[in-house]
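Chains, contacts and geometry: an overview
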Amino acid sequence: MQMNKLVREPLAILGGPKAVARDEPDLFGWPIVTQEDEQAVMEVLRAGKMSGWDVSRKFEAEYAAWQGTKYAIGLPNGTMALEAAMWACGLGRGDELICPSITYWASALQALRLGATVVFADIDASTLCVDPKDIERHISPRTKAIMAVHYCGHPCDMDAILAIARRHKLKVIEDVSHAHGALYKGRLVGTFGDVSAMSMMGGKSFAIGEGGMLCTDSREIYERTIAFCQYERHGQDLTLPDLKALAGLPLGGMKGRLNQTCAAMGRVQLKHYPQRMKAIQDGMNRFWDLLEGTPGLRPHRPAKDSASTMGGWYNPLGHYISEELGGLPVGRFIEAVNAEGGRSGRASNPPLHLHPVLNEADIYGDGKPTRIAFSDRDVRQPAGSLPVSEGLAERCYGIPWFKHDRAESIERYAAAFKKVALQAERLVSRAS
(Lines give C-alpha, C1' and ligand atoms only; values in the text may rest on other atoms or scores of the structure.)
Protein backbone atom coordinates (compact mmCIF):
# COMPACT_ATOMS: atom_id res chain seq x y z
CA MET A 1 0.00 0.00 0.00
CA GLN A 2 1.58 3.29 -1.12
CA MET A 3 0.20 5.20 1.89
CA ASN A 4 2.52 3.42 4.34
CA LYS A 5 5.54 4.49 2.31
CA LEU A 6 4.32 8.05 1.76
CA VAL A 7 3.61 8.82 5.42
CA ARG A 8 7.12 7.77 6.46
CA GLU A 9 8.80 10.32 4.17
CA PRO A 10 10.00 13.61 5.73
CA LEU A 11 7.40 16.39 5.76
CA ALA A 12 7.34 18.46 2.58
CA ILE A 13 7.14 21.68 4.61
CA LEU A 14 10.51 20.69 6.13
CA GLY A 15 12.09 19.83 2.78
CA GLY A 16 10.81 16.31 2.13
CA PRO A 17 8.92 15.00 -0.93
CA LYS A 18 5.24 15.75 -1.43
CA ALA A 19 2.68 13.06 -0.75
CA VAL A 20 0.76 14.30 -3.80
CA ALA A 21 3.50 14.80 -6.37
CA ARG A 22 1.04 15.71 -9.12
CA ASP A 23 -2.30 17.39 -8.51
CA GLU A 24 -5.30 16.02 -10.44
CA PRO A 25 -7.70 18.92 -11.14
CA ASP A 26 -10.09 16.70 -13.09
CA LEU A 27 -10.70 14.75 -9.89
CA PHE A 28 -12.39 17.86 -8.49
CA GLY A 29 -13.97 19.60 -11.50
CA TRP A 30 -17.67 20.41 -11.04
CA PRO A 31 -20.31 20.52 -12.31
CA ILE A 32 -19.91 17.88 -14.98
CA VAL A 33 -21.18 19.51 -18.17
CA THR A 34 -21.68 17.42 -21.29
CA GLN A 35 -23.12 17.89 -24.76
CA GLU A 36 -26.49 16.95 -23.33
CA ASP A 37 -26.43 20.02 -21.06
CA GLU A 38 -25.22 22.24 -23.88
CA GLN A 39 -27.92 21.03 -26.25
CA ALA A 40 -30.69 21.58 -23.68
CA VAL A 41 -29.51 25.13 -22.98
CA MET A 42 -29.09 25.95 -26.66
CA GLU A 43 -32.63 24.79 -27.40
CA VAL A 44 -33.95 27.36 -24.92
CA LEU A 45 -31.72 30.10 -26.32
CA ARG A 46 -32.62 29.43 -29.94
CA ALA A 47 -36.33 29.33 -29.12
CA GLY A 48 -36.05 32.62 -27.22
CA LYS A 49 -37.67 31.02 -24.17
CA MET A 50 -35.27 32.24 -21.48
CA SER A 51 -38.09 34.03 -19.64
CA GLY A 52 -40.85 31.48 -20.16
CA TRP A 53 -42.37 28.81 -17.92
CA ASP A 54 -42.68 25.59 -19.91
CA VAL A 55 -39.18 24.20 -19.30
CA SER A 56 -39.14 25.38 -15.69
CA ARG A 57 -42.45 23.66 -14.95
CA LYS A 58 -41.09 20.38 -16.28
CA PHE A 59 -38.00 20.80 -14.12
CA GLU A 60 -40.14 21.56 -11.08
CA ALA A 61 -42.27 18.46 -11.62
CA GLU A 62 -39.22 16.25 -12.08
CA TYR A 63 -37.49 17.72 -9.04
CA ALA A 64 -40.59 17.28 -6.85
CA ALA A 65 -40.84 13.66 -7.94
CA TRP A 66 -37.18 13.05 -7.12
CA GLN A 67 -37.35 14.92 -3.83
CA GLY A 68 -40.59 13.22 -2.84
CA THR A 69 -42.73 16.31 -2.22
CA LYS A 70 -46.04 17.34 -3.74
CA TYR A 71 -44.75 20.71 -4.95
CA ALA A 72 -41.53 22.30 -6.12
CA ILE A 73 -41.06 25.88 -7.29
CA GLY A 74 -37.99 27.12 -9.15
CA LEU A 75 -36.57 30.52 -8.19
CA PRO A 76 -33.63 32.64 -9.40
CA ASN A 77 -31.39 31.65 -6.46
CA GLY A 78 -31.38 29.95 -3.09
CA THR A 79 -31.50 33.27 -1.24
CA MET A 80 -34.90 34.11 -2.73
CA ALA A 81 -36.10 30.54 -2.19
CA LEU A 82 -35.28 30.82 1.51
CA GLU A 83 -36.90 34.25 1.80
CA ALA A 84 -40.04 32.98 0.08
CA ALA A 85 -40.09 30.04 2.50
CA MET A 86 -39.85 32.41 5.46
CA TRP A 87 -42.71 34.56 4.18
CA ALA A 88 -44.81 31.55 3.22
CA CYS A 89 -44.45 30.28 6.80
CA GLY A 90 -45.82 33.58 8.09
CA LEU A 91 -42.62 35.23 9.27
CA GLY A 92 -43.28 38.96 9.51
CA ARG A 93 -42.85 42.14 11.51
CA GLY A 94 -41.78 41.49 15.09
CA ASP A 95 -41.47 37.71 14.63
CA GLU A 96 -38.37 35.69 15.42
CA LEU A 97 -36.57 33.00 13.45
CA ILE A 98 -34.23 30.58 15.26
CA CYS A 99 -31.21 29.71 13.13
CA PRO A 100 -27.76 28.23 13.74
CA SER A 101 -25.01 30.83 13.92
CA ILE A 102 -22.71 28.70 11.75
CA THR A 103 -24.22 28.88 8.30
CA TYR A 104 -24.16 31.03 5.18
CA TRP A 105 -25.92 34.37 5.72
CA ALA A 106 -28.77 33.47 3.34
CA SER A 107 -30.17 31.08 5.94
CA ALA A 108 -31.05 34.06 8.11
CA LEU A 109 -30.53 37.59 6.84
CA GLN A 110 -33.67 37.84 4.70
CA ALA A 111 -35.73 37.78 7.90
CA LEU A 112 -34.70 41.42 8.36
CA ARG A 113 -36.29 42.30 5.01
CA LEU A 114 -39.57 40.92 6.33
CA GLY A 115 -39.44 43.03 9.49
CA ALA A 116 -38.58 39.95 11.57
CA THR A 117 -35.39 39.18 13.42
CA VAL A 118 -33.04 36.25 13.96
CA VAL A 119 -32.12 34.54 17.22
CA PHE A 120 -29.11 32.30 16.82
CA ALA A 121 -28.69 28.90 18.46
CA ASP A 122 -25.45 27.06 19.02
CA ILE A 123 -24.37 24.06 16.96
CA ASP A 124 -23.76 20.46 17.91
CA ALA A 125 -20.00 19.83 18.14
CA SER A 126 -20.26 16.60 16.15
CA THR A 127 -22.79 17.27 13.37
CA LEU A 128 -22.03 21.04 13.19
CA CYS A 129 -25.78 21.51 12.62
CA VAL A 130 -28.09 23.37 14.99
CA ASP A 131 -28.05 21.77 18.42
CA PRO A 132 -31.62 20.78 19.35
CA LYS A 133 -30.65 21.03 23.03
CA ASP A 134 -29.91 24.73 22.53
CA ILE A 135 -33.06 25.63 20.58
CA GLU A 136 -35.62 25.70 23.34
CA ARG A 137 -33.85 28.29 25.50
CA HIS A 138 -34.16 30.75 22.61
CA ILE A 139 -37.89 30.26 22.02
CA SER A 140 -40.06 33.22 22.95
CA PRO A 141 -43.72 34.14 22.35
CA ARG A 142 -42.55 35.82 19.13
CA THR A 143 -40.80 32.75 17.70
CA LYS A 144 -42.38 31.72 14.42
CA ALA A 145 -40.03 29.18 12.84
CA ILE A 146 -36.85 27.12 13.15
CA MET A 147 -34.28 27.09 10.32
CA ALA A 148 -32.70 23.64 10.13
CA VAL A 149 -29.51 23.91 8.05
CA HIS A 150 -28.01 20.61 6.92
CA TYR A 151 -24.54 22.05 7.22
CA CYS A 152 -21.81 20.88 4.85
CA GLY A 153 -24.02 17.96 3.87
CA HIS A 154 -24.54 16.55 7.37
CA PRO A 155 -28.23 15.94 8.17
CA CYS A 156 -29.69 17.73 11.19
CA ASP A 157 -31.25 15.76 14.03
CA MET A 158 -34.69 16.15 12.52
CA ASP A 159 -36.47 13.93 15.05
CA ALA A 160 -35.48 16.22 17.91
CA ILE A 161 -36.11 19.43 15.94
CA LEU A 162 -39.59 18.33 14.84
CA ALA A 163 -40.50 17.32 18.39
CA ILE A 164 -39.56 20.81 19.62
CA ALA A 165 -41.48 22.44 16.77
CA ARG A 166 -44.62 20.41 17.49
CA ARG A 167 -44.39 21.18 21.20
CA HIS A 168 -44.23 24.93 20.57
CA LYS A 169 -46.33 25.01 17.38
CA LEU A 170 -43.51 26.35 15.22
CA LYS A 171 -42.82 26.00 11.51
CA VAL A 172 -39.68 24.17 10.37
CA ILE A 173 -37.77 25.38 7.31
CA GLU A 174 -35.04 23.10 5.99
CA ASP A 175 -32.08 24.73 4.25
CA VAL A 176 -30.83 21.99 1.93
CA SER A 177 -28.31 24.15 0.04
CA HIS A 178 -25.40 21.99 1.26
CA ALA A 179 -27.15 18.64 1.22
CA HIS A 180 -28.95 17.80 -2.03
CA GLY A 181 -29.67 14.09 -1.90
CA ALA A 182 -28.57 13.55 1.71
CA LEU A 183 -30.51 11.04 3.77
CA TYR A 184 -31.60 11.28 7.38
CA LYS A 185 -32.35 7.77 8.64
CA GLY A 186 -33.02 6.62 5.09
CA ARG A 187 -35.23 9.53 4.01
CA LEU A 188 -34.24 12.53 1.90
CA VAL A 189 -33.60 15.72 3.82
CA GLY A 190 -35.91 18.48 2.67
CA THR A 191 -38.98 16.30 3.24
CA PHE A 192 -39.28 16.61 7.03
CA GLY A 193 -40.14 20.25 7.69
CA ASP A 194 -43.06 22.36 6.55
CA VAL A 195 -40.96 23.58 3.63
CA SER A 196 -37.45 23.22 2.30
CA ALA A 197 -35.41 25.59 0.17
CA MET A 198 -32.03 25.31 -1.45
CA SER A 199 -29.44 26.94 -3.65
CA MET A 200 -28.44 25.39 -6.96
CA MET A 201 -25.69 27.83 -7.87
CA GLY A 202 -22.65 26.67 -9.80
CA GLY A 203 -20.60 25.69 -6.76
CA LYS A 204 -23.18 23.46 -5.09
CA SER A 205 -23.29 19.67 -5.31
CA PHE A 206 -26.43 20.02 -7.44
CA ALA A 207 -25.52 22.87 -9.76
CA ILE A 208 -27.59 24.35 -12.59
CA GLY A 209 -25.66 27.56 -13.22
CA GLU A 210 -27.70 29.77 -10.89
CA GLY A 211 -31.00 28.93 -9.29
CA GLY A 212 -32.99 27.91 -6.25
CA MET A 213 -35.81 25.53 -5.44
CA LEU A 214 -38.56 25.47 -2.82
CA CYS A 215 -40.25 22.17 -1.96
CA THR A 216 -43.29 21.50 0.20
CA ASP A 217 -46.28 19.22 0.72
CA SER A 218 -48.42 22.16 1.86
CA ARG A 219 -50.77 23.66 -0.69
CA GLU A 220 -50.93 26.83 1.38
CA ILE A 221 -47.15 27.30 1.43
CA TYR A 222 -47.00 26.51 -2.28
CA GLU A 223 -49.63 29.14 -3.13
CA ARG A 224 -48.17 31.72 -0.74
CA THR A 225 -44.83 31.33 -2.51
CA ILE A 226 -46.46 31.84 -5.89
CA ALA A 227 -48.30 34.90 -4.58
CA PHE A 228 -45.12 36.31 -3.06
CA CYS A 229 -42.89 36.41 -6.11
CA GLN A 230 -44.31 34.66 -9.19
CA TYR A 231 -47.20 36.88 -10.21
CA GLU A 232 -47.41 35.57 -13.78
CA ARG A 233 -48.55 32.21 -12.41
CA HIS A 234 -51.34 33.62 -10.23
CA GLY A 235 -54.16 32.80 -12.65
CA GLN A 236 -53.50 29.10 -12.88
CA ASP A 237 -51.90 28.36 -9.49
CA LEU A 238 -53.85 30.37 -6.92
CA THR A 239 -56.96 28.72 -5.53
CA LEU A 240 -57.05 30.00 -1.93
CA PRO A 241 -59.65 32.81 -1.78
CA ASP A 242 -57.56 35.30 0.23
CA LEU A 243 -54.67 34.98 -2.22
CA LYS A 244 -56.78 34.79 -5.38
CA ALA A 245 -58.40 38.11 -4.47
CA LEU A 246 -54.92 39.75 -4.63
CA ALA A 247 -53.79 38.10 -7.87
CA GLY A 248 -51.87 40.08 -10.43
CA LEU A 249 -49.13 41.73 -8.40
CA PRO A 250 -46.36 40.01 -6.39
CA LEU A 251 -46.96 40.46 -2.66
CA GLY A 252 -43.21 40.47 -2.07
CA GLY A 253 -42.65 43.18 -4.65
CA MET A 254 -40.16 41.08 -6.57
CA LYS A 255 -39.87 38.84 -9.59
CA GLY A 256 -38.91 35.29 -8.72
CA ARG A 257 -38.80 33.52 -12.06
CA LEU A 258 -36.08 30.97 -12.78
CA ASN A 259 -34.19 31.55 -16.04
CA GLN A 260 -35.12 28.65 -18.31
CA THR A 261 -31.55 28.08 -19.47
CA CYS A 262 -30.83 27.08 -15.86
CA ALA A 263 -34.00 24.98 -15.72
CA ALA A 264 -32.92 23.18 -18.89
CA MET A 265 -29.51 22.42 -17.40
CA GLY A 266 -31.22 21.35 -14.18
CA ARG A 267 -33.32 18.75 -15.98
CA VAL A 268 -30.19 17.17 -17.45
CA GLN A 269 -28.22 17.37 -14.21
CA LEU A 270 -31.05 15.74 -12.27
CA LYS A 271 -31.02 12.72 -14.57
CA HIS A 272 -27.37 12.05 -13.74
CA TYR A 273 -27.18 13.34 -10.18
CA PRO A 274 -27.87 10.06 -8.30
CA GLN A 275 -25.06 8.30 -10.17
CA ARG A 276 -22.64 11.22 -9.81
CA MET A 277 -23.57 11.65 -6.16
CA LYS A 278 -22.76 7.99 -5.52
CA ALA A 279 -19.30 8.49 -7.01
CA ILE A 280 -18.76 11.45 -4.67
CA GLN A 281 -19.94 9.48 -1.65
CA ASP A 282 -17.78 6.49 -2.54
CA GLY A 283 -14.71 8.70 -2.96
CA MET A 284 -15.28 10.74 0.19
CA ASN A 285 -15.98 7.68 2.32
CA ARG A 286 -12.88 6.02 0.89
CA PHE A 287 -10.82 9.05 1.97
CA TRP A 288 -12.13 8.88 5.55
CA ASP A 289 -11.81 5.10 5.77
CA LEU A 290 -8.12 5.46 4.89
CA LEU A 291 -7.67 7.94 7.73
CA GLU A 292 -9.53 5.89 10.33
CA GLY A 293 -7.59 5.83 13.60
CA THR A 294 -5.30 8.71 12.65
CA PRO A 295 -4.63 10.83 15.76
CA GLY A 296 -6.16 14.30 15.76
CA LEU A 297 -8.37 13.72 12.72
CA ARG A 298 -12.04 12.72 12.80
CA PRO A 299 -14.55 12.53 9.95
CA HIS A 300 -17.51 14.88 9.63
CA ARG A 301 -20.05 12.29 8.52
CA PRO A 302 -22.88 10.26 10.05
CA ALA A 303 -22.18 6.87 11.59
CA LYS A 304 -22.03 4.11 9.00
CA ASP A 305 -24.93 2.22 10.57
CA SER A 306 -27.25 5.24 10.81
CA ALA A 307 -28.85 5.06 7.33
CA SER A 308 -27.92 8.75 7.04
CA THR A 309 -25.66 10.10 4.29
CA MET A 310 -23.93 13.30 3.20
CA GLY A 311 -25.59 13.69 -0.22
CA GLY A 312 -23.20 15.45 -2.60
CA TRP A 313 -20.90 16.22 0.37
CA TYR A 314 -20.72 19.98 -0.30
CA ASN A 315 -17.81 21.86 1.34
CA PRO A 316 -16.38 18.77 3.08
CA LEU A 317 -14.43 19.18 6.28
CA GLY A 318 -12.97 17.24 9.17
CA HIS A 319 -12.85 17.59 12.93
CA TYR A 320 -9.47 18.58 14.39
CA ILE A 321 -8.33 17.57 17.87
CA SER A 322 -5.25 19.67 18.53
CA GLU A 323 -4.46 18.07 21.90
CA GLU A 324 -3.89 14.71 20.18
CA LEU A 325 -1.25 16.37 18.00
CA GLY A 326 0.78 18.01 20.72
CA GLY A 327 -1.20 21.24 20.55
CA LEU A 328 -0.37 21.92 16.89
CA PRO A 329 -2.62 24.80 15.77
CA VAL A 330 -5.03 23.94 12.98
CA GLY A 331 -3.61 26.73 10.79
CA ARG A 332 -0.16 25.18 10.92
CA PHE A 333 -1.63 21.75 10.22
CA ILE A 334 -3.40 23.11 7.13
CA GLU A 335 -0.21 24.80 5.95
CA ALA A 336 1.73 21.55 6.24
CA VAL A 337 -0.98 19.53 4.46
CA ASN A 338 -1.01 22.00 1.57
CA ALA A 339 2.77 21.75 1.32
CA GLU A 340 2.14 18.04 0.73
CA GLY A 341 -0.28 18.91 -2.09
CA GLY A 342 -3.24 17.81 0.03
CA ARG A 343 -5.80 20.56 -0.74
CA SER A 344 -6.85 21.69 2.73
CA GLY A 345 -8.05 25.05 4.03
CA ARG A 346 -10.13 26.87 6.60
CA ALA A 347 -13.55 25.28 6.34
CA SER A 348 -16.32 26.88 8.40
CA ASN A 349 -18.39 30.02 8.05
CA PRO A 350 -17.74 32.65 10.75
CA PRO A 351 -20.38 32.92 13.50
CA LEU A 352 -23.17 35.16 12.25
CA HIS A 353 -24.22 36.34 15.71
CA LEU A 354 -20.97 38.31 16.07
CA HIS A 355 -21.10 40.14 12.73
CA PRO A 356 -21.72 43.93 12.81
CA VAL A 357 -24.61 43.61 10.34
CA LEU A 358 -26.49 41.58 12.95
CA ASN A 359 -25.56 43.89 15.82
CA GLU A 360 -24.96 47.45 14.63
CA ALA A 361 -26.28 48.09 11.11
CA ASP A 362 -29.35 50.32 10.71
CA ILE A 363 -30.10 49.03 7.24
CA TYR A 364 -33.45 50.74 6.67
CA GLY A 365 -32.98 53.97 8.64
CA ASP A 366 -35.09 53.08 11.68
CA GLY A 367 -32.80 54.85 14.11
CA LYS A 368 -31.71 51.60 15.75
CA PRO A 369 -30.01 48.37 14.59
CA THR A 370 -32.31 46.60 12.15
CA ARG A 371 -32.06 43.33 14.05
CA ILE A 372 -33.99 44.87 16.97
CA ALA A 373 -35.98 47.52 15.09
CA PHE A 374 -39.32 45.70 15.34
CA SER A 375 -38.63 43.56 18.40
CA ASP A 376 -39.80 44.15 21.94
CA ARG A 377 -36.53 42.80 23.31
CA ASP A 378 -32.83 43.01 22.51
CA VAL A 379 -32.01 39.67 20.89
CA ARG A 380 -28.39 40.48 20.11
CA GLN A 381 -25.91 37.88 21.34
CA PRO A 382 -22.43 38.91 22.52
CA ALA A 383 -19.15 37.03 22.33
CA GLY A 384 -19.21 34.00 24.60
CA SER A 385 -22.93 33.36 24.19
CA LEU A 386 -22.56 30.51 21.66
CA PRO A 387 -19.24 28.85 22.59
CA VAL A 388 -19.31 25.88 20.21
CA SER A 389 -19.96 28.13 17.21
CA GLU A 390 -17.33 30.63 18.28
CA GLY A 391 -14.61 28.01 18.67
CA LEU A 392 -15.33 26.04 15.51
CA ALA A 393 -12.65 27.65 13.33
CA GLU A 394 -9.95 26.09 15.50
CA ARG A 395 -11.58 22.67 15.46
CA CYS A 396 -12.12 21.97 11.78
CA TYR A 397 -10.30 22.02 8.45
CA GLY A 398 -11.15 21.55 4.80
CA ILE A 399 -10.55 18.33 2.90
CA PRO A 400 -10.53 17.58 -0.84
CA TRP A 401 -13.98 17.31 -2.46
CA PHE A 402 -13.61 14.26 -4.69
CA LYS A 403 -16.01 14.02 -7.61
CA HIS A 404 -14.76 10.60 -8.72
CA ASP A 405 -13.78 7.49 -6.80
CA ARG A 406 -10.21 6.81 -7.92
CA ALA A 407 -8.59 4.58 -5.32
CA GLU A 408 -4.90 5.30 -5.97
CA SER A 409 -5.40 9.04 -6.32
CA ILE A 410 -7.50 9.33 -3.16
CA GLU A 411 -4.92 7.32 -1.26
CA ARG A 412 -2.26 9.91 -2.07
CA TYR A 413 -4.44 12.79 -0.85
CA ALA A 414 -5.29 10.89 2.32
CA ALA A 415 -1.58 10.24 2.83
CA ALA A 416 -0.93 14.00 2.84
CA PHE A 417 -3.21 14.42 5.88
CA LYS A 418 -2.01 11.30 7.68
CA LYS A 419 1.64 12.14 7.10
CA VAL A 420 1.30 15.53 8.78
CA ALA A 421 -0.76 14.12 11.66
CA LEU A 422 1.73 11.34 12.36
CA GLN A 423 4.65 13.76 12.28
CA ALA A 424 2.97 16.66 14.05
CA GLU A 425 5.53 16.65 16.87
CA ARG A 426 8.21 17.77 14.42
CA LEU A 427 6.21 20.91 13.65
CA VAL A 428 5.42 21.51 17.32
CA SER A 429 9.07 21.19 18.35
CA ARG A 430 10.17 23.63 15.67
CA ALA A 431 7.61 26.20 16.82
CA SER A 432 8.70 26.00 20.46
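Residues numbered from 1 in each chain as written. Predicted model: local features only at pLDDT ≥ 70, side-chain atom pairs only at ≥ 80, totals over all residues. Heavy atoms only, no water.

When its secondary structure is counted, the protein shows 15 helices and 12 strands. For the protein, whose C-alpha radius of gyration is 23 Å, the value lies close to the compact-globule estimate of 22 Å for 432 residues. On the principal axes, the C-alpha backbone points of the protein span a range of 75 × 55 × 40 Å. Across the 432 residues of the protein, 56% fall into the buried class. Sequence-distant contacts in the protein: of pairs separated by 6 or more residues, those separated by 24 or more amount to 71%. Carbon and sulfur atoms form 52% of the exposed surface of the protein, whose accessible area is close to 17300 Å². Charge-centre separation for the protein: the mean point of 51 positive side chains lies 2 Å from the mean point of 50 negative side chains. (Helix = DSSP H or I, 4+ residues; strand = E, 2+ residues; numbered from the N terminus. Rg over C-alpha atoms; globule rule 2.2 N^0.38 Å. Buried < 20%, exposed > 50% of the residue type's maximum accessible area, 1.4 Å probe, protein only. Contact = heavy atoms within 4.5 Å. Areas by Shrake-Rupley, 256 points an atom, 1.4 Å probe, with all protein chains shown as cover. Lys, Arg positive; Asp, Glu negative; His and termini not counted. Charge placed at Lys NZ, Arg CZ, Asp CG, Glu CD.)

A separate point is the packing of helix H12 (residues 330-339) against helix H14 (residues 407-422). The contact between H12 and H14 brings their axes to 9 Å, and the two run at 130 degrees. With respect to each other, H12 and H14 are oriented oblique. Handedness of the H12/H14 crossing: right-handed. Packed against H12, whose contacting residues are Phe333, Ala336 and Val337, the element H14 presents Ala416, Phe417, Val420 and Ala421 at the interface. Looking at the contact of H12 with H14 residue by residue, the classes come out as 7 nonpolar, no polar and no charged. (Axes fitted to C-alpha atoms, helices over the stretch in contact; angles between N-to-C directions. Parallel < 35°, antiparallel > 145°, perpendicular 65-115°, else oblique. Left-handed = near helix turned anticlockwise from the far one by under 90°. Nonpolar A, V, L, I, M, F, W, Y, C, P; charged D, E, K, R; others polar.)

This part covers the environment of Phe374. Looking at where Phe374 falls in the secondary structure, it is placed in the loop between H12 and helix H13 (387-390). You can call Phe374 partly exposed: its relative accessible area is 28%. Along the backbone, Phe374 and Arg93 are 281 residues apart, and their C-alpha atoms lie at a distance of 6.3 Å. Sequence-distant contacts of Phe374, defined by excluding residues within four places in its chain, comprise Arg93, Gly94, Gly115, Arg142 and Asp366.

The next thing to look at is the sheet that holds strand E10 (residues 297-299). With antiparallel pairing, 3 strands are arranged side by side in an open sheet as E10-E11-E12. The two strands at the open ends of the sheet, each matched to only one other strand, are E10 and strand E12 (396-398). When the angles between neighbouring strand axes are averaged without regard to direction, this sheet yields 40 degrees. When strand E11 (residues 317-320) meets E12, the two strands line up antiparallel, connected through 3 bridges. The residue of E12 that forms the bridge with Gly318 is Tyr397. (Pairing = 2+ DSSP bridges.)

In terms of residue burial, strand E8 (residues 195-199) counts as a mostly covered element, since 5 of its 5 residues are buried. Side chains Val195, Ala197 and Ser199 project from E8 onto one buried face, and the interleaved Ser196 and Met198 project onto a second face that is buried too. As defined by bridge partners, strand E5 (residues 171-175) adjoins E8 across 3 bridges and the pair is classed as parallel. The partner of Asp175 across the bridge, within E8, is Ala197. One ladder, built from 4 bridges, connects E8 with strand E9 (residues 212-216); its direction is antiparallel. Residue pairing in the sheet places Ser199 in a bridge with Gly212 of E9.

On to the nonpolar core. Grouped together as the largest cluster of nonpolar side chains are 52 residues, with contacts concentrated most on Phe59, Tyr63, Met158 and Ile161. Contributions of two or more residues to this core are made by helix H2 (35-47), helix H3 (54-67), strand E4 (143-149), helix H7 (158-168), E9 and helix H11 (260-290). The biggest single contributor to this core is H11, with 7 residues. Not counting residues up to four positions away in its chain, the partners in contact with Tyr63 are His180, Met198, Met200, Phe206, Met213, Cys215 and Leu270. (Core = buried A, V, L, I, M, F, W, Y, C linked by side-chain atoms within 4.5 Å.)

Within the open sheet, the 7 strands sit side by side as E1-E9-E8-E5-E4-E2-E3. Their pairing is mixed. Two strands in the sheet have a free side with no partner beyond their single neighbour: strand E1 (71-75) and strand E3 (117-121). Here the strands of the sheet are splayed against their neighbours by 25 degrees on average, with no regard to which way each runs. Docked against the sheet, helix H8 (residues 219-229) engages E1, E8 and E9, running at close to 20 degrees with respect to E1.

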